[in-house]
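# Fold and geometry: a report
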Amino acid sequence: MADEVKLYAAAVSPFVFRVKIALNIKGIKYENLEQDLSKKSAELLKYNPVYKKVPVLVHNGNAISESLVIVEYIDDAWKGVSILPHDPYEKAVARFWAKFIDDTCIPALLKTFGRDGNKKSDKEACDQLQILENELKVKGTKYFGGDNINLVDIAADFIAYWVGIIQEATGKTLVTKDKFPTITVWADYFINLEVINQVLPPREHLLAFFKKMFAKA
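I will try to describe carefully the structure that is included in this document. Each chain carries its own residue numbering, running from 1 in the direction its sequence is written. Residues qualify for local features only when their pLDDT is at least 70, as the model is predicted, and side-chain atom pairs are given and counted only at 80 or more; totals for whole chains, interfaces and linings, by contrast, use all residues. Computation of side-chain values: all heavy atoms of the structure, hydrogens and water removed.

### As for the sheet that holds strand β2 (residues 31-34)
Paired strands, as defined in this entry, are two strands with at least two bridges between them according to DSSP. In this text, helices come from DSSP runs of H or I with a minimum length of four residues, and strands from runs of E with a minimum of two, each type numbered from the N-terminal end. Strand order across the open sheet formed by four strands is β2-β1-β3-β4, with mixed pairing between neighbours. The open sheet has two edge strands with one neighbour each: β2 and β4 (62-65). Averaged over all pairs of adjacent strands, the angle between strand axes in this sheet comes to 20 degrees, irrespective of strand direction. Examined bridge by bridge, strand β1 (residues 5-9) and β2 share four bridges and lie parallel to one another. Residue pairing for β2: Leu 7 is matched across the bridge by Asn 32. The contact criterion used throughout is that any non-hydrogen atoms of two residues lie within 4.5 Å. Throughout, an axis means a line fitted to C-alpha atoms (over the contacting stretch in the case of helices), and angles, computed between N-to-C directions, take values from 0 to 180 degrees. Sheet contacts for helix α1 (residues 14-26): β1, β2 and β3 (56-59); angle to β1, the most-contacted strand, approximately 155 degrees.

See the structure below:
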């Protein structure tokens, strides 16, 4: 009997996109259930009663929430290309950097592009990005995962694709090739990977969404 896989999603979400990348890497067929973020469905609230947000993966009736948790679940549940390293230490390192991106980098970037953004928040966001820049430079590899993407690259999808669109939507340029050459090159490699490009949301759609969103900010 084939697995039943459903993804409660929103095309504008980089967190949903993480899950789509993982599913695509593993070659998993799934039903994409697009959600109206302003009017959440009863099913979404049922499957994620704690945070009440996307993404939620439902696998054979079992619901899993939180994007990085879902990505790890997908890696464990299905065979194929590995998303996390097999070595326990390397796996712990990947989890550390993915958490750093989620807990530090993304909040700093969202703050500085929002209504509370100022020179202080700009510096904070750049300081956090510089840490990532340095990490990738020291590794000297194409991706955070080495020759192939791993959990860290997937966690950084917001930086690779969403940030450039938000910069255009807001007219505020923070991440440039001059400031962050290593991250910029990595981002180009990342978004042009076939496994990424196949599920990447249209740039025009995201640009329209963020222009509307930040106009209200």
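### Considerations on the pattern of salt bridges
Any two side chains of opposite charge can pair if their charged atoms end up close together. For this document, the term salt bridge refers to a Lys or Arg side-chain nitrogen within 4 Å of an Asp or Glu carboxyl oxygen. Tallied over the full model, the rule gives nine salt bridges. In this structure, Lys 99 and Asp 103 form a salt bridge, with 2.7 Å as the shortest nitrogen-oxygen distance. Note that Lys 99 and Asp 103 are positioned in helix α4 (residues 88-113) at a spacing of four residues, about one turn of the helix. The residue Asp 122 makes a salt bridge to Lys 172 at a minimum N-O spacing of 2.6 Å.

### Regarding the packing of α1 against helix α3 (residues 67-77)
Contact geometry of α1 with α3 gives a least axis separation of 9 Å together with a crossing angle of 5 degrees. Looking at the two axes, α1 sits roughly parallel to α3. Taking contact as the criterion, the partners of Phe 15, Arg 18, Val 19, Ala 22, Leu 23 and Lys 26 in α1 are, on α3, Ser 67, Leu 68, Ile 70, Val 71, Ile 74 and Asp 75. The class makeup of the residues in the contact of α1 with α3 is eight nonpolar, one polar and three charged. Should an angle lie under 35 degrees it is considered roughly parallel, over 145 roughly antiparallel, and from 65 to 115 roughly perpendicular; all remaining angles are considered oblique. Residues are sorted three ways: Asp, Glu, Lys and Arg are charged, Ala, Val, Leu, Ile, Met, Phe, Trp, Tyr, Cys and Pro are nonpolar, and all the rest, Gly among them, are polar.

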